[in-house]
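Observations on the three-dimensional arrangement
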Amino acid sequence: MLESIRIGLAAFAIAALSAASTSAFSPPEGPVLLTVEGLADVQGPVAFDRALLEALPAVELKTATIWTDGEQVFTGVELAVLLAHLGVEGGTLRAIAINDYSVDIPVADAVPGGPIIAYLQNGAPMSVRDRGPLWIIYPYDASAAYRTEAIYARSIWQLSRIELE
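All of the points below concern the structure found in this document.

The rules behind the values
- Residues numbered from 1 in each chain as written.
- Predicted model: local features only at pLDDT ≥ 70, side-chain atom pairs only at ≥ 80, totals over all residues.
- Heavy atoms only, no water.
- Pairing = 2+ DSSP bridges.
- Helix = DSSP H or I, 4+ residues; strand = E, 2+ residues; numbered from the N terminus.
- Salt bridge = Lys/Arg side-chain N within 4 Å of Asp/Glu carboxyl O.
- Phe/Tyr/Trp six-rings, centres within 6.5 Å; stacked < 30°, edge-to-face > 60°.
- Buried < 20%, exposed > 50% of the residue type's maximum accessible area, 1.4 Å probe, protein only.
- Lys NZ or Arg CZ within 6 Å of the ring centre and 35° of its normal.
- Contact = heavy atoms within 4.5 Å.
- Axes fitted to C-alpha atoms, helices over the stretch in contact; angles between N-to-C directions.

Thoughts on the pairing of strand S1 (residues 32-37)
Alignment of S1 against strand S2 (residues 46-49), held across 4 bridges, turns out to be antiparallel. Within the sheet, the bridge partner assigned to Val-32 lies in S2 and is Asp-49. Across 3 bridges, the pairing between S1 and strand S10 (residues 159-164) is parallel. Bridge pairing in S10 links Glu-37 to Glu-163.

What to know about the pattern of salt bridges
Side chains carrying opposite charge are able to pair once their charged atoms draw close together. Taken as a whole and assessed by the stated rule, the structure comprises 5 salt bridges. Note that Asp-109 is salt-bridged to Arg-154, the shortest N-O span being 2.8 Å. Here Asp-109 is found in the loop between strand S6 (102-106) and strand S7 (116-121), whereas its partner Arg-154 is found in helix H4 (residues 149-154), with 45 residues between them in sequence. One network of salt bridges, in which partners are shared, links Arg-94, Asp-104 and Glu-165.

Notes on the packing of aromatic side chains
Applying the stated criterion across every chain yields a total of 9 aromatic pairs. Ring centres of Trp-67 and Tyr-140 lie 6.0 Å apart, and the angle between their planes is 70°; on these two criteria the pair is classed as edge-to-face. Residue Trp-67 is located in the loop between strand S3 (58-64) and strand S4 (71-78), and its partner Tyr-140 is located in the loop between strand S9 (135-137) and H4; the two are separated by 73 residues in the primary sequence. We classify Trp-67 as partly exposed; its relative accessible area is 21%. Judged by its relative accessible area of 2%, Tyr-140 falls in the buried class. With a centroid separation of 5.4 Å and 80° between ring planes, the pair formed by Phe-74 and Trp-135 is classed as edge-to-face. You can see Phe-74 sitting in strand S4 and its partner Trp-135 sitting in strand S9, a full 61 residues away along the chain. The ring of Trp-157 is capped by Arg-131, whose NZ or CZ atom sits 5.0 Å from the centre of that ring.

Thoughts on the side chain of Thr-35
In this structure, Thr-35 sits in strand S1. Among the residues examined, Thr-35 registers a relative accessible area of 16% and is labelled buried. Dropping the residues within four chain positions of it, Thr-35 is found in contact with Pro-45, Val-46, Ala-47, Ser-160, Arg-161 and Ile-162.

Some remarks on the pairing of S10
For strand S5 (residues 92-97) and S10, the ladder comprises 5 bridges, and the chain directions are antiparallel. Paired with Ala-95 across the strands is Ile-162, a residue of S10.

A closer look at the sheet that holds S10
With mixed pairing, 5 strands are arranged side by side in an open sheet as S2-S1-S10-S5-S6. If you trace the sheet from one side to the other, it starts and ends with S2 and S6, each paired once. Adjacent strand axes in the sheet meet at a mean angle of 20°, parallel and antiparallel pairs treated alike.

Structural notes on the environment of Gly-91
Tracing the sequence through the fold places Gly-91 in the loop between helix H3 (79-86) and S5. Accessibility expressed as a relative area gives 42% for Gly-91, which makes it partly exposed. Separated by 16 residues in sequence, Gly-91 and Val-107 have C-alpha atoms that sit 5.6 Å apart. Leaving out residues up to four positions away in the same chain, Gly-91 has contacts with Pro-106, Val-107 and Glu-165.

Quick look at the structure:
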């Protein structure tokens, strides 16, 4: 009898933790800009609108890019912060653009001071025509290690989804 009570309590605790983890993320109220799929402890995708992304700690990254003229100021959330918010600790991210173009990004790239998911360029939202609304930007000017073909290939614009692998 006592053993069945323990099993029942354990099942209840697991169900409660699962329910808590799926409800830990606020639902978007505006148009969804980014969905993240494949989280281990979350059933279904987690969706972010602009307000939910802006609610995470923002950083400014000043850097030149091979796609723009001169130094640009990008504002967004560090990839490391987003992944910590989602509870992601390892693996690979498949970053997917609006047109279904995709790149693989190792979670190891997500370090403080590393890449950001930019939602502003020079203080303004980016249109789809201008590589927006989301663009993964690395701090290219910070180190030669960020100026390689592999890093440039991971700098996906028009980002719309991330799948965890």
